[in-house]
Amino acid sequence: MIFNRVWAMPSHNTFTIKPIAHLICKYINNDKWIDPFARNSIFADRCFATNDLNPETSTTHHLESLEFLKLFEDNSVHGVLFDPPYSPRQISE
């Protein structure tokens, strides 16, 4: 296993950080991926299903994340994009 350390400007939109976006692009391809905290993810169009509590977001579902994840059988998806809210304000929303 090879580890590379790359510095990049932080962003509240984690998946727009270039090294992270590059890593995701390397694996997401045409497989069945889901995103339980999609908000307005740049990878939404590559996901089989997306979720966000906010009904104003353009996602396939608007459920609590655990309820969303329970929709899928074990081993039925290839990957999960996981970028939950971090701040107390985001969590409370």
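Residues numbered from 1 in each chain as written. Predicted model: local features only at pLDDT ≥ 70, side-chain atom pairs only at ≥ 80, totals over all residues. Heavy atoms only, no water.

*Asks:* Explain the side chain of Thr-50 here, please?
*Replies:* Topologically, Thr-50 is positioned in strand β2 (residues 49–50). If we skip the residues at most four places from it in the chain, Thr-50 touches Asp-35, Ala-38, Ala-44, Ser-58, Thr-59, Thr-60, His-61 and Phe-68. (Helix = DSSP H or I, 4+ residues; strand = E, 2+ residues; numbered from the N terminus. Contact = heavy atoms within 4.5 Å.)

*Asks:* What should I look at first to understand the environment of Phe-72 in this one?
*Replies:* Within the fold, Phe-72 resides in the loop between α2 (65–69) and β3 (79–80). Between the alpha carbons of Phe-72 and Ile-34 there is a distance of 9.5 Å; along the sequence they are 38 residues apart. With near-sequence residues (within four places) excluded, Phe-72 lies in contact with Ile-34, Phe-48, Ala-49 and Val-77.

*Asks:* Would you mind going over the sheet that holds strand β1 (residues 33–35) with me for this structure?
*Replies:* Two strands in a sheet stick together by hydrogen bonds in their backbones, pointing the same way (parallel) or opposite ways (antiparallel). Pairing is parallel across the open sheet formed by three strands, whose spatial order is β2-β1-β3. The open sheet has two edge strands with one neighbour each: β2 and β3. As paired strands, β1 and β2 are joined by two bridges and run parallel to one another. By the bridge assignment, Ile-34 is partnered in β2 with Ala-49. (Pairing = 2+ DSSP bridges.)

*Asks:* Please clarify how the layout of surface pockets should be interpreted in this entry.
*Replies:* Sizing a probe to match a water molecule and rolling it over the atoms shows the empty space that remains. Taken as a whole, the second largest pocket spans an internal volume of roughly 190 Å³. Residue composition of the lining of the second largest pocket, by class: five nonpolar, two polar and one charged. (1 Å grid on protein atoms, 1.4 Å probe; cavity = no way out; pocket = protein on both sides within 12 Å on 5 of 7 lines; lining within 4 Å. Points joined across faces, edges and corners; volume = space filled by probe spheres on them. Nonpolar A, V, L, I, M, F, W, Y, C, P; charged D, E, K, R; others polar.)

*Asks:* Explain the pattern of salt bridges here, please?
*Replies:* Opposite charge on two side chains permits them to pair, given that their charged atoms come into close proximity. Tallied over the entire structure, the rule returns one salt bridge. Of the charged contacts in the structure, one is a salt bridge between Lys-70 and Glu-67, with a shortest N-O distance of 3.8 Å. Classification of Lys-70 by relative accessible area gives exposed; the value is 56%. Among the residues examined, Glu-67 registers a relative accessible area of 41% and is labelled partly exposed. (Salt bridge = Lys/Arg side-chain N within 4 Å of Asp/Glu carboxyl O. Buried < 20%, exposed > 50% of the residue type's maximum accessible area, 1.4 Å probe, protein only.)

*Asks:* So what exactly am I meant to see when it comes to the packing of aromatic side chains here?
*Replies:* Aromatic rings in a pair are described by how distant their centres are and how their planes are angled relative to each other. Tallied over the entire structure, the rule returns four aromatic pairs. Pairing Phe-37 with Phe-82 gives two aromatic rings, centres 5.4 Å apart and planes at 75°, and the pair type is edge-to-face. Of this pair, Phe-37 sits in the loop between β1 and β2 while Phe-82 sits in the loop between β3 and α3 (88–92); the two residues are 45 residues apart in sequence, bridging distant segments of the chain. Phe-82 sits in the exposed class, given a relative accessible area of 52%. When the ring of Phe-48 is compared with that of Phe-72, the centres are 6.4 Å apart and the planes differ by 70°; the resulting orientation is edge-to-face. Note that Phe-48 is positioned in the loop between β1 and β2 and Phe-72 in the loop between α2 and β3, a separation of 24 residues in sequence. Taken together through their ring pairs, the aromatic side chains of Phe-48, Phe-68 and Phe-72 make up a single cluster. (Phe/Tyr/Trp six-rings, centres within 6.5 Å; stacked < 30°, edge-to-face > 60°.)

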